[in-house]
Amino acid sequence: MTRLRLGLAILGLLALAAIAAPWAAAWLGVDPEMPDLLARQSGPSADHPLGTDELGRDILARLLYGARISLAVGLAAALASTFIGLAAGLLAAWRGGWVDALLMRIADGLLALPALPLLVLLAAMDPAAIGLPRGGALSDVLRIVLILALFGWVGVARLCRAAAISVLARDHVRAARALGVSEARLLRRHVAPALAAPLTVAASLAVAGAILAESTLSFLGLGIQPPASSWGNMLANAQDLVFSAPMAALWPGLAIALAVAGAMLVADGLRARG
Amino acid sequence: MLGIIAWRIPQIAVTLILLSLAAYLAIGAMPGDPISMAMMSDPRLGPADVERMRALHGLDQPLLARWWAWLTGVLRGEFGYSRLFARPAAEILWPALRGSLLLLGTALALAAILGTAAGVLAALRPAWRGAVDGLALLSQALPAFWLGILLIILFAVTLGWLPAGGAPEEPGMAEAARFLVLPTATLAIAHLAAYARHTAASMAEVLRAPWITAARARGAPERRIAMVHALPNAAVPLLAILALDAGVLVSGALITETVFARPGMGKLLTDAVMGNDHNLALLALLLVATTTLLATLAADLAQRALDPRIGAGR
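Procedures and definitions
- Residues numbered from 1 in each chain as written.
- Chains lettered and ligands numbered in written order.
- Predicted model: local features only at pLDDT ≥ 70, side-chain atom pairs only at ≥ 80, totals over all residues.
- Heavy atoms only, no water.
- Salt bridge = Lys/Arg side-chain N within 4 Å of Asp/Glu carboxyl O.
- Helix = DSSP H or I, 4+ residues; strand = E, 2+ residues; numbered from the N terminus.
- Axes fitted to C-alpha atoms, helices over the stretch in contact; angles between N-to-C directions.
- Left-handed = near helix turned anticlockwise from the far one by under 90°.
- Contact = heavy atoms within 4.5 Å.
- Nonpolar A, V, L, I, M, F, W, Y, C, P; charged D, E, K, R; others polar.
- Phe/Tyr/Trp six-rings, centres within 6.5 Å; stacked < 30°, edge-to-face > 60°.
- Buried < 20%, exposed > 50% of the residue type's maximum accessible area, 1.4 Å probe, protein only.
- UniProt positions renumbered as here; feature names shortened; annotations may be inferred.
- Buried area = accessible area lost by both parts, 1.4 Å probe.
- Polar contact = N/O pair within 3.5 Å; in protein donor to acceptor, adjacent residues only side chain to side chain.
- Parallel < 35°, antiparallel > 145°, perpendicular 65-115°, else oblique.

Digging into the pattern of salt bridges
Oppositely charged side chains can form a pair if their charged atoms are brought close together. All chains considered together, the criterion is met by 10 salt bridges over all chains. Its salt-bridge partner being Arg271(A), residue Asp268(A) comes within 3.4 Å of it at the nearest N-O pair. Here Arg271(A) and Asp268(A) lie together in helix α10 (residues 250–273), a separation of 3 residues that amounts to about one turn. Ionic contacts of the salt-bridge type, sharing partners, join the residues Arg3(A), Asp268(A), Arg271(A) and Arg197(B) into one network.

Written out as structure tokens, the structure reads:
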């Protein structure tokens, strides 16, 4: 329970920071995308509380704007994964037979492949080829969400399938079937409530996984493209600068770790409760 | 047991063929093809040359036909040439595989041993439970690339004890080991959490079992109960994680290899995929997928052998 509260508190604070980004930047009088070549890699000061990056952009402002993108990608990808996973898991458990076999083999196949090289491959694909607009931060976000959902549904589907199968095999459900209750009502009245607990756990784990995956892709230069900032792409240059500006690498990584830990704490807390 | 193998092997074969098709189509959907890349690097090539080269290499054929040609070639044992390195694809694969096996073998062995030990500690000593849980959470939440950078800042930049990355220039075990320490630590920390959490959960469950109470009633010492009665039974579910990690062993660690500039499968796979190198990318992907699927089958069989209750109901 305390873990659930701690996790929710962390995520809530980060969400507040993300929402407050424009006001914070206006109050500081900085633009997160405006380079200032005369003040590159400056240390913390009154104008720039966390200093500036290799192009002289304010690190705090970029961190806050990065929170918007990283959290939005995390939540949207998790939502999409959960939705697809719920549908696939429910379908597999309810229909059984060849539908179940087919869906689970697809899941096995996705798990057997090295996730990261494939994410890289998909991220490198031309967005126009799959009907997405090209260019701009919004297109990047949509692209990453789509790719992450493509892999993220597997875990959710397995959890949902296991939970649904165990409910469908119970005596009261079989009795309801024997009494002639319609399948739709069966799924709504008996299966859906039993799925709520594992689904919330899987969804919060998916948030953690998506935030981590987005930061990784952006770190590799395939996710959110500069000048828009995400926590991952803020770290992309940091490695080349470890000798001159080691502190620049600290904050974005800390933000990612906090967000992921927050989502995992929520999952842990929910699991302990359910 | 034989029935399971006879049923699963064809399934694995079909999965692999479909995976290769999906990967082929995905690589084909990336912008540019091998000839357009050659054209960009050589200004003397005209449109007629491009047409001729496309026809020569079969690139004017539809993707499906090219995939079929590739598949029949592989079944004859011909893996083709790597476009990026202009050498047989299989020849490129082995050195990278060796590098990854060394790095990931060390790291995963370390993670499995330390993770299991931490899990046992958490299950046996409730006082340690919070610390182990916290460490496991931390190790899962830290992005691998950030952890790598932090280790570089601490041990290479500030303390200057270890190299920041790259491959050893002088031969010798000690030199190679120096370059292995930081990437191994990064990977081991990242993989440790899964073992710790699963061991802790399954140990706690096993310790509530009736035969443990029976062993206590007979007066068996606690240490013997934990190590001989509980741990082997608690370790059965760990086989599933071990099987997934077997695939990781072969697929390399893209992030860690990139951060520490080590040659390996992760980087090779990515380069091959990005460089439109169908032969190399597919060979590497199939190697990884085959290893994971076979390891999963092996883990399944081992679990059934160790715990006859699994699958008895079917």
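Anyway, onward from the coordinates.
Things to note about the packing of helix α1 (residues 2–19) of chain A against helix α3 (residues 59–95) of chain A
Residue and element names in this part refer to chain A. At a closest axis distance of 7 Å, the pairing of α1 and α3 adopts a crossing angle of 115°. In this structure, the crossing between α1 and α3 has a hand that is left-handed. Touching Leu 14, Ala 15, Ala 17, Ala 18 and Ile 19 of α1 are Leu 64, Ala 67, Arg 68 and Leu 71, all from α3. In terms of residue class, the contact of α1 with α3 is built from 8 nonpolar, no polar and 1 charged.

Notes on the packing of aromatic side chains
By the definition in use, this model includes 3 aromatic pairs over all chains. Taken together, a centroid distance of 4.3 Å and an interplanar angle of 10° make the contact between Phe219(A) and Phe145(B) stacked. Residue Phe219(A) is found in helix α8 (residues 183–219), and its partner Phe145(B) is found in helix α7 (residues 144–158); the two belong to separate chains. Each member of the pair, Phe219(A) as well as Phe145(B), is classed as buried. Between the aromatic rings of Tyr24(B) and Trp70(B), the centroid separation amounts to 6.5 Å while the plane-to-plane angle is 50°, which identifies the pairing as tilted. Linking Tyr24(B) in helix α1 (residues 2–28) with Trp70(B) in helix α4 (residues 63–75), this pair joins segments that are 46 residues apart in sequence.

Structural notes on the UniProt feature "transmembrane region" (unreviewed entry) in chain B
Sequence positions flagged by UniProt for "transmembrane region" (unreviewed entry) are, in local numbering, residues 12–30, 101–124, 144–164, 176–196, 234–260 and 280–299 of chain B. Across residues 176–196 of chain B, helical content stands at 100% and strand content at 0%; the span's end C-alpha atoms are separated by 29 Å.

Points about the UniProt feature "transmembrane region" (unreviewed entry) in chain A
Residues and elements named next belong to chain A. As recorded in UniProt, the sites labelled "transmembrane region" (unreviewed entry) are residues 69–94, 106–124, 144–169, 190–213 and 249–270. Taken end to end, residues 106–124 is 84% helix and 0% strand, and its two terminal C-alpha atoms sit 23 Å from one another. The distance from the first to the last C-alpha atom of residues 190–213 is 35 Å, and the span holds 100% helix and 0% strand.

Focus on the interface of chain B and chain A
At the interface, 37 residues of chain B touch 38 residues of chain A. Summed over both sides, the interface of chain B with chain A buries roughly 3200 Å², with 82% coming from carbon and sulfur. For the pair chain B and chain A, the interface holds 1 salt bridge. Linking Arg197(B) and Asp268(A) is a salt bridge whose minimum nitrogen-to-oxygen distance equals 3.0 Å. Our count for the chain B to chain A interface comes out at 1 residue pair in polar contact (both at pLDDT 80 or more). Mapped onto the side of chain B that touches chain A, the elements with two or more residues apiece are α1, α6 (126–141), α7, α11 (238–251), α12 (254–259), α13 (265–274) and α14 (278–306) of chain B. Broken down by element, the residue count for the side of chain B that touches chain A peaks at 7 residues, all from α7(B). By residue class, the composition of the side of chain B that touches chain A is 28 nonpolar, 7 polar and 2 charged.

Quick notes on the packing of helix α8 (residues 173–206) of chain B against α11(B)
All names here are of chain B. Their axes nearest at 10 Å, the elements α8 and α11 cross at an angle of 165°. With respect to α11, the element α8 is oriented roughly antiparallel. Between α8 and α11 lies a crossing whose hand is right-handed. Along the contact surface, α8 presents His 191, Ala 194, Tyr 195, His 198 and Thr 199, while α11 presents Leu 238, Ile 241, Leu 242, Asp 245 and Val 248. Across the contact of α8 with α11, the residue classes break down as 6 nonpolar, 3 polar and 1 charged.

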